[in-house]
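This is what each chain is made of:
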Amino acid sequence: KQEVTQIPAALSVPEGENLVLNCSFTDSAIYNLQWFRQDPGKGLTSLLLIQSSQREQTSGRLNASLDKSSGRSTLYIAASQPGDSATYLCAVSDGGSARQLTFGSGTQLTVLP
Amino acid sequence: KAGVTQTPRYLIKTRGQQVTLSCSPISGHRSVSWYQQTPGQGLQFLFEYFSETQRNKGNFPGRFSGRQFSNSRSEMNVSTLELGDSALYLCASTLGTGPGANVLTFGAGSRLTVL
């Protein structure tokens, strides 16, 4: 059974810092890996999707990498801003469908002004 | 274009009752997935529907069921509610095929409280 772990569980940084969020998964047979953000009381917003054949994806200040063989992904956030404060979730798809996701428990990020 | 719409946003039920939640996907999206989010278990996959057919089902008891209509709108039903069913239920839609098939767009969720 796939298990996804995210470290750290919570992170607090001053505005402007670059930071890295970590995600690990136990079964490397995945279709893809996605990073989401969730604001309090709201749904999830997709940030980046990395196909199993890709090594990284970039969107603006965000860069996500995937090392499938070691079961690891990182989300790099450059020049953090208070608006980046949210919970960041990593999810992998495997099993029956590329849309059946197994989520990590998330990293709660606070960016202090 | 409009996002994924879930109704109702909040509801309170008592143990033993049943509940039906609705999800209207983005226009043109044919795949709808449902997830349960609780503080203890996090986000867990319930089921996925594509063109009115259930494609996959997560590890939930038979009290949890769903369906999808010809217009891609989906409903999920929970019967004989238990306290542990209190959760945020999230619906996500995707095109289901072609480029972007696996990029999920989530709704804001339906928060169910069981007393």
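Here, the structure is the one placed above.
Conventions and cut-offs
Residues numbered from 1 in each chain as written. Chains lettered and ligands numbered in written order. Predicted model: local features only at pLDDT ≥ 70, side-chain atom pairs only at ≥ 80, totals over all residues. Heavy atoms only, no water. Helix = DSSP H or I, 4+ residues; strand = E, 2+ residues; numbered from the N terminus. Rg over C-alpha atoms; globule rule 2.2 N^0.38 Å. Buried < 20%, exposed > 50% of the residue type's maximum accessible area, 1.4 Å probe, protein only. Contact = heavy atoms within 4.5 Å. Areas by Shrake-Rupley, 256 points an atom, 1.4 Å probe, with all protein chains shown as cover. Phe/Tyr/Trp six-rings, centres within 6.5 Å; stacked < 30°, edge-to-face > 60°. Lys NZ or Arg CZ within 6 Å of the ring centre and 35° of its normal. Pairing = 2+ DSSP bridges. Axes fitted to C-alpha atoms, helices over the stretch in contact; angles between N-to-C directions. 1 Å grid on protein atoms, 1.4 Å probe; cavity = no way out; pocket = protein on both sides within 12 Å on 5 of 7 lines; lining within 4 Å. Points joined across faces, edges and corners; volume = space filled by probe spheres on them. Nonpolar A, V, L, I, M, F, W, Y, C, P; charged D, E, K, R; others polar.

A. Representation of the overall build of chain A in the model. A count of helical and extended segments in chain A gives zero helices and 11 strands. Along the chain direction, N to C, the helices and strands of chain A fall in the order β-β-β-β-β-β-β-β-β-β-β. On C-alpha atoms alone, chain A measures out to a radius of gyration of 13 Å, which is about the 13 Å that the 2.2 N^0.38 rule sets for 113 residues. Reported as C-alpha extents along the three principal axes, the dimensions of chain A are approximately 45 × 30 × 20 Å. By the burial criterion, 45% of the 113 residues in chain A qualify as buried. Here the analysis covers contacts within chain A between residues at least 6 apart in sequence; of these, 54% occur between residues at least 24 apart. For chain A, the computed accessible surface area is about 5200 Å², with 47% contributed by carbon and sulfur atoms.

B. Inspection of the packing of aromatic side chains at higher detail. The final tally for this structure, using the stated rule, is seven aromatic pairs over all chains. Summarising the aromatic geometry, the rings of Phe-103 of chain A and Tyr-35 of chain B are spaced 5.6 Å apart at their centres and angled 85 degrees between planes, so their arrangement reads as edge-to-face. Of the two residues, Phe-103 of chain A is situated in strand β10 (residues 101-103) and Tyr-35 of chain B in strand β4 (residues 31-38); the pairing between them involves two chains. Neither residue differs from the other here; Phe-103 of chain A and Tyr-35 of chain B are each classed as buried. Every member of this aromatic cluster is reached through a ring pair, and the members are Phe-36 and Phe-103 of chain A together with Tyr-35, Phe-45 and Phe-106 of chain B. Lying across the ring of Phe-50 of chain B, Arg-55 of chain B places its NZ or CZ 4.0 Å from the centre.

C. Broad picture of the sheet that holds strand β8 (residues 72-77) of chain A. Residues and elements named next belong to chain A. The five strands are arranged β1-β3-β8-β7-β6 in an open sheet whose pairing can be described as antiparallel. The sheet is open, and its two edges are formed by β1 (4-7) and β6 (56-59), each paired on a single side. In this sheet, neighbouring strand axes are inclined to one another by 15 degrees on average, regardless of whether the strands run parallel or antiparallel. Here six bridges tie strand β7 (residues 62-67) to β8, and the two strands are oriented antiparallel to one another. Within β8, the position partnered with Asp-67 by the bridge is Arg-72.

D. Spotlight on the environment of Ser-24 of chain A. All names here are of chain A. Along the chain, the position of Ser-24 falls in strand β3 (residues 19-25). Once the C-alpha coordinates of Ser-24 and Gln-34 are considered, the two residues, 10 residues apart in sequence, prove to be 12 Å apart. Those residues in contact with Ser-24, other than ones at most four positions away along the chain, are Glu-3, Val-4, Thr-5, Gly-71 and Arg-72.

E. Spotlight on the layout of surface pockets. Here the largest pocket is characterised by a volume of approximately 560 Å³. As for the largest pocket, its lining consists of 21 residues, and the residues nearest its centre are Lys-1, Gln-2 and Thr-102 of chain A together with Leu-43 and Gln-44 of chain B. Put simply, the parts of the chain that give the lining of the largest pocket at least two residues each are β10 of chain A together with β5 (42-50) of chain B. Broken down by element, the lining of the largest pocket gets its largest block of residues, four residues, from β5 of chain B. Tallied by class, residues from the lining of the largest pocket come to six nonpolar, 12 polar and three charged. Put simply, the second largest pocket is a space of about 330 Å³. If you go around the second largest pocket, you meet 21 residues; those closest to its centre are Gln-38 of chain A together with Gln-37, Thr-38, Pro-39 and Gly-42 of chain B. Its residues placed into classes, the lining of the second largest pocket shows seven nonpolar, 11 polar and three charged.

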